[in-house]
Each structure stands twice: as C-alpha cells, then as structure tokens.
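One-letter residues, chain by chain:
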Amino acid sequence: MEINGTVVQSEHHRRSPEGRWYTQAQASELFRAAGYRDIRLFRGFTHEPAREQDRLYCLLGQRPAPS
C-alpha cells in the first residue's frame, strides 16, 4: 500500500502447493469432457497402471481426429 508515493505496507502471497491437484476420477472426467478416449492412468512416471491410492500419476488419452 502506498500513501503519497511512499510504501507504508506490503504483503507477499504464496499459494502452496503451487500446482493444481485432481483425483484420478476428476482428471479422467476432464479428459472425457474434452473429447479424449482410451484414457489410461499410470503410476508416477512409470508404465505401471495407477493404483487408486496413488497421488502421483500420469494420464494419457487419445483424441479422435477432427471430422
């Protein structure tokens, strides 16, 4: 905040964690809503299928070619 050009108060806001977090079901639904099919979830950064309790996962899907 400034008064007559002098800073009298400042604040620093930080969001932690800085990324977004979705459940596997939410992420899958977002992909489906965007038109992706054959959606697969993988555990972490591996090629192993994700388990329900995995918080770190990768999601891959195939989007149909435009008509």
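Heads up: the structure comes first, above all this text.
Quantities reported herein were computed from a predicted structural model and do not represent experimental measurements.

Calculation criteria
Residues numbered from 1 in each chain as written. Predicted model: local features only at pLDDT ≥ 70, side-chain atom pairs only at ≥ 80, totals over all residues. Heavy atoms only, no water. Salt bridge = Lys/Arg side-chain N within 4 Å of Asp/Glu carboxyl O. Helix = DSSP H or I, 4+ residues; strand = E, 2+ residues; numbered from the N terminus. Buried < 20%, exposed > 50% of the residue type's maximum accessible area, 1.4 Å probe, protein only. Contact = heavy atoms within 4.5 Å. Arc of directions from axis to C-beta. Phe/Tyr/Trp six-rings, centres within 6.5 Å; stacked < 30°, edge-to-face > 60°. Lys NZ or Arg CZ within 6 Å of the ring centre and 35° of its normal.

J.: Break down the pattern of salt bridges for me, citing the residues and quoting the values.
T.: In total, this model carries four salt bridges according to the counting rule given. We note a salt bridge from Glu29 to Arg32, for which the minimum N-O separation is 3.9 Å. With Glu29 and Arg32 both in helix H1 (residues 24-33) and three residues apart, the pair spans about one turn of that helix. Between Glu48 and Arg43 there is a salt bridge whose closest N-O contact spans 3.6 Å. On the basis of relative accessible area, Arg43 is assigned to the partly exposed category, the value being 30%. Through salt bridges with shared partners, a single ionic network connects Arg43, Glu48, Arg51 and Asp54.

J.: Run through the side chain of Gln24, naming residues and quoting values.
T.: Relative to the elements of secondary structure, Gln24 occurs in helix H1. Those residues within four positions of Gln24 in sequence are excluded, and the remaining contacts are Leu41, Ala50, Arg51, Glu52, Asp54 and Tyr57.

J.: Residue-level account of H1, with values.
T.: For H1, the complete set of buried residues consists of Gln24, Ala27 and Ser28. Each buried residue of H1 sits inside an arc of 100° when the element is viewed along its axis, so together they form one side. H1 presents Ala25 and Ala33 as exposed residues on the side facing more than 90 degrees away from its buried surface. Where H1 is buried, its residues touch strand S3 (37-43) and strand S4 (57-62). Gly35 lies just past H1 and shows a positive phi near 100°.

J.: Any details on the side chain of Ser28? Residues and values, ideally.
T.: With respect to the element layout, Ser28 can be found in helix H1. On the basis of relative accessibility, which here comes to 8%, the residue Ser28 falls in the buried class.

J.: Summarise the packing of aromatic side chains; cite the residues concerned and give the values.
T.: Where two aromatic rings form a pair, the distance of their centres and the angle of their planes describe that pair. Scanning all chains against the criterion turns up one aromatic pair. A ring pair is formed by Phe31 and Tyr36, whose centres lie 4.9 Å apart and whose planes are at 40°; its orientation type is tilted. In this structure Phe31 comes out as partly exposed when scored by relative accessible area, which is 27%. Take Tyr36: its relative accessible area is 25%, and that puts it in the partly exposed class. Seen from the ring of Tyr36, Arg63 lies directly overhead, with NZ or CZ sitting 5.6 Å from the centre.

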